[in-house]
Amino acid sequence: MPGLLRGVARTAVIAGTATSVSNRVSRRQAGRWARQDAEQAQPRPAPAAPPPPAPPPPAPTSLAPEDEMSNKIAQLKDLGDLKSQGVLSESEFEAQKARILAG
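Residues numbered from 1 in each chain as written. Predicted model: local features only at pLDDT ≥ 70, side-chain atom pairs only at ≥ 80, totals over all residues. Heavy atoms only, no water.

## Let's talk about the overall build of the protein
Spelled out, the test is: Labels follow the DSSP assignment, with helices taken as runs of H or I lasting at least four residues and strands as runs of E lasting at least two, numbered in each case from the N terminus. Relative accessibility thresholds used throughout: buried, under 20% of the residue-type maximum; exposed, over 50%; partly exposed, between the two (1.4 Å probe, protein chains only). Surface accessibility follows the Shrake-Rupley procedure with a 1.4 Å probe radius. Residue values consider only the protein chains on display as shielding.
What the protein contains, in helices and strands, is three helices and zero strands. Here the protein holds 103 residues, and 5% of them are scored as buried. Accessible surface for the protein amounts to roughly 9,100 Å². Of this, 62% is attributable to carbon and sulfur atoms.

## What about the pattern of salt bridges?
Our working definition: Between Lys or Arg on one side and Asp or Glu on the other, a salt bridge is scored when a side-chain nitrogen of the former is within 4 Å of a carboxyl oxygen of the latter.
Counted by the stated rule, this structure contains two salt bridges. Note that Glu90 is salt-bridged to Lys83, the shortest N-O span being 2.7 Å. With a shortest N-O distance of 3.6 Å, Lys97 and Glu94 are connected by a salt bridge. With Lys97 and Glu94 both in helix α3 (residues 90–102) and three residues apart, this pair spans about one turn of that helix. Under the relative-accessibility criterion, Lys97 is labelled partly exposed at 28%. Exposure remark for Glu94: the relative accessible area of 35% places this residue in the partly exposed category.

## Looking at the packing of aromatic side chains
Basically, it comes down to this: For Phe, Tyr and Trp, rings pair up if their centres lie within 6.5 Å, where Trp contributes its six-membered ring, and each pair is then called stacked (planes under 30 degrees apart), edge-to-face (over 60) or tilted (otherwise). Lysine NZ or arginine CZ positioned within 6 Å of the ring centre and within 35 degrees of the ring normal marks a charge as sitting over the ring.
Applying the stated criterion to the full structure yields zero aromatic pairs. Here Lys83 stacks its cationic end above the ring of Phe93, 4.9 Å away from the centre of that ring.

## With respect to the confidence of the model for the protein
Our working definition: A residue's pLDDT is the predictor's confidence in that residue, given on a scale from 0 to 100.
Looking at the protein as a whole, its pLDDT mean stands at 81, while 82% of the residues score no less than 70. Per-element confidence in the protein is highest for α3, whose mean pLDDT is 89, and lowest for helix α1 (residues 2–41), whose mean pLDDT is 84.

## Re a positive patch on the surface
So the rule is basically this: A patch is a set of surface residues, each over 30% in relative accessible area and not in a salt bridge, joined within 9 Å for like charges and within 5 Å for the nonpolar side chains Val, Leu, Ile, Met, Phe, Trp and Tyr. In this tally, Asp and Glu contribute negative charge and Lys and Arg positive charge; neither His nor the terminal groups of the chain are included. Lysine's charge is taken at NZ, arginine's at CZ, aspartate's at CG and glutamate's at CD.
Residues Arg24, Arg27, Arg28, Arg32 and Arg35 make up a contiguous surface patch of positive charge. Tracing the backbone through its elements, the reader meets Arg32 in helix α1.

Here it is, written out as structure tokens:
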């Protein structure tokens, strides 16, 4: 009979432990779900408005004729330097030169 009593007591302890652990896991999971529900119920902050677009560049002011001519000369010199360095081909140089002189 002592062996039977010991087996029943052991089974009761194991079952009690399993029940206790199961209840603890259930409570912890219920708490997590409650927190998730509370977080989802809170209104999310609206995304920040995009920054305003950059202002357009200022309109070019008309240059005095001598300033305009010196500006074109400087551009042509820079263009010539790029051609002599091999950055621009002959056709690219001619196209850019025509654009500068037309403008």
